[in-house]
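Architecture and fold: a report
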Amino acid sequence: MSRSDRPSSEFTLVLIANGTSQRAYEGKLLYLGLMDKKPGDRHGDGLKQVWHTVQP
C-alpha cells in the first residue's frame, strides 16, 4: 500500500517501511497507550494535545 492509496473503510492495515503492517483509523496509525491497563482505558486521550483515542 502506498501513501496515495485511499482506505476503503475507516479501519485499515497499513504497510510500514520495515515490511510489517499496522492497523490504522482514517489513515492514521493506531498505538496502544502505555498507561492503559484494561480494555476501555483511555488515559492518553488528549495527551500533549496530540494523542486521541478511537472508540470501536
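Residues numbered from 1 in each chain as written. Predicted model: local features only at pLDDT ≥ 70, side-chain atom pairs only at ≥ 80, totals over all residues. Heavy atoms only, no water.

Things to note about the overall build of the protein
- In terms of helices and strands, the protein carries zero helices and three strands.
- In the protein, the succession of α and β elements from N to C terminus is β-β-β.
- Counting all 56 residues of the protein, 9% fall into the buried class.
- Expressed as a percentage of contacts within the protein between residues at least 6 apart in sequence, the contacts between residues at least 24 apart total 7%. (Helix = DSSP H or I, 4+ residues; strand = E, 2+ residues; numbered from the N terminus. Buried < 20%, exposed > 50% of the residue type's maximum accessible area, 1.4 Å probe, protein only. Contact = heavy atoms within 4.5 Å.)

Side note on the environment of M35
- Mapped onto the elements of the fold, M35 is located in the segment after strand 3 (28-29).
- Not counting residues within four places of it along the chain, the set of residues in contact with M35 comprises H43, G44 and L47.

Here's the deal with the sheet that holds strand 1 (residues 11-15)
- Spatially, 1-2-3 is the arrangement adopted by the three strands of the open sheet, whose pairing is antiparallel. Where the open sheet ends on each side, the last strands, each with one partner, are strand 1 and strand 3.
- As judged from the five bridges shared by strand 1 and strand 2 (residues 21-25), these two strands associate in the antiparallel manner. Opposite V14, over in strand 2, you have Q22 as the bridge partner. (Pairing = 2+ DSSP bridges.)

Remarks on the pairing of strand 1
- Only one face of strand 1 is covered, namely the face carrying T12 and V14; the face carrying F11, L13 and L15 is uncovered.
- Hairpin connection from strand 1 to strand 2: five residues lie between these consecutive antiparallel strands, with G19 at a positive phi of about 95°.

Here we look at the pairing of strand 2
- Residue alternation in strand 2 divides its side chains into a buried set, Q22 and A24, and an unburied set, S21, R23 and Y25.
- One ladder, built from two bridges, connects strand 2 with strand 3; its direction is antiparallel. Bridge assignment links A24 to a residue of strand 3, and that residue is L29.
- The hairpin turn running from strand 2 into strand 3, its antiparallel successor, is two residues long, and E26 in that turn takes a positive phi close to 50°.

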